[in-house]
Amino acid sequence: KYIMPKDMIPSEFDGKAKVAFRQWAAKMRIYFNNVGFPDATTALDWASKMKIPITEEMIATYAGTQYHENGTIIREAWAPDWRDFVKYLYGVLASRTADTAHRLVESVQEGNGLEAWRILTKEYNPKNVSSAQAILRKILGYKAVNKLSELNDRIIELEEVMRKYDEHGGQE
């Protein structure tokens, strides 16, 4: 079911440059959303936010359809083949990481791709106070544009940095 088009496969990540992780992770999200698992971003975001190791039981609880007490659906289930996705994610992460990053992937139970993703994001994309402070300094350091033609690009860039600040626990 899942096909890895060669021109879409993100390059290997070795963990040597933490800055490179964000870009690699973004490419991974795009890749998984385009190879037959439209809920990949939802699953990866959920895994990234988990503070404790992710078990299969936790995934099954989160991935399934959730119902309100009156029987109405609160949230639809991920695709019915979510177990296949979790295993496929593990295989791709194991094959697209090297060195320290690969050792982190191998440290989790084989086949638990969401736990491998959680560990990688925890290691290479930490959301802590110093990260938020660095992003805030970047926001506050923006200079005025010199040409009106630069304004749209600057606004887009600033919105992206502000989104990152919010994700790191910054206050509005």
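Located above this text is the structure these notes cover.
These numbers come from a predicted model, not from an experiment.

Student: Is there a simple way to explain the packing of helix 2 (residues 40–49) against helix 6 (residues 113–124) in this structure?
Tutor: A pair of packed helices is characterised by two quantities: the angle between their axes and the separation of those axes. At a closest axis distance of 8 Å, the pairing of helix 2 and helix 6 adopts a crossing angle of 55 degrees. Classified by the angle between their axes, helix 2 and helix 6 sit oblique to one another. For the crossing formed where helix 2 meets helix 6, the hand is right-handed. Along the contact surface, helix 2 presents Ala-43, Leu-44, Trp-46, Ala-47 and Ser-48, while helix 6 presents Leu-114, Trp-117, Arg-118 and Thr-121.

Student: Can you walk me through helix 4 (residues 82–95) in this structure?
Tutor: Owing to its 3.6 residues per turn, the α-helix brings residues three or four apart onto one side. For helix 4, which comprises 14 residues, the first-to-last C-alpha distance of 20 Å matches the rise-based estimate of 20 Å (1.5 Å per residue) to within 8%. Turning to helix 4, its buried residues number three or more, namely Trp-82, Phe-85, Val-86, Tyr-88, Leu-89, Tyr-90, Val-92 and Leu-93.

Student: I'm lost on the layout of surface pockets in this one. Help?
Tutor: A probe matching the size of a water molecule, rolled over the atoms, marks out where space remains unfilled. Its volume calculated, the second largest pocket comes out at about 150 Å³. Every residue along the wall of the second largest pocket is listed here: Glu-56, Ile-59, Trp-82, Arg-83, Val-86, Lys-87, Gln-109, Glu-110, Gly-111 and Asn-112. Of all the elements, helix 4 adds the most residues to the lining of the second largest pocket, at 4 residues. Looking at side-chain class alone, the lining of the second largest pocket contains 3 nonpolar, 3 polar and 4 charged residues.

Thresholds applied
- Residues numbered from 1 in each chain as written.
- Predicted model: local features only at pLDDT ≥ 70, side-chain atom pairs only at ≥ 80, totals over all residues.
- Heavy atoms only, no water.
- Axes fitted to C-alpha atoms, helices over the stretch in contact; angles between N-to-C directions.
- Helix = DSSP H or I, 4+ residues; strand = E, 2+ residues; numbered from the N terminus.
- Parallel < 35°, antiparallel > 145°, perpendicular 65-115°, else oblique.
- Left-handed = near helix turned anticlockwise from the far one by under 90°.
- Contact = heavy atoms within 4.5 Å.
- Expected span 1.5 Å × (residues − 1).
- Buried < 20%, exposed > 50% of the residue type's maximum accessible area, 1.4 Å probe, protein only.
- 1 Å grid on protein atoms, 1.4 Å probe; cavity = no way out; pocket = protein on both sides within 12 Å on 5 of 7 lines; lining within 4 Å.
- Points joined across faces, edges and corners; volume = space filled by probe spheres on them.
- Nonpolar A, V, L, I, M, F, W, Y, C, P; charged D, E, K, R; others polar.

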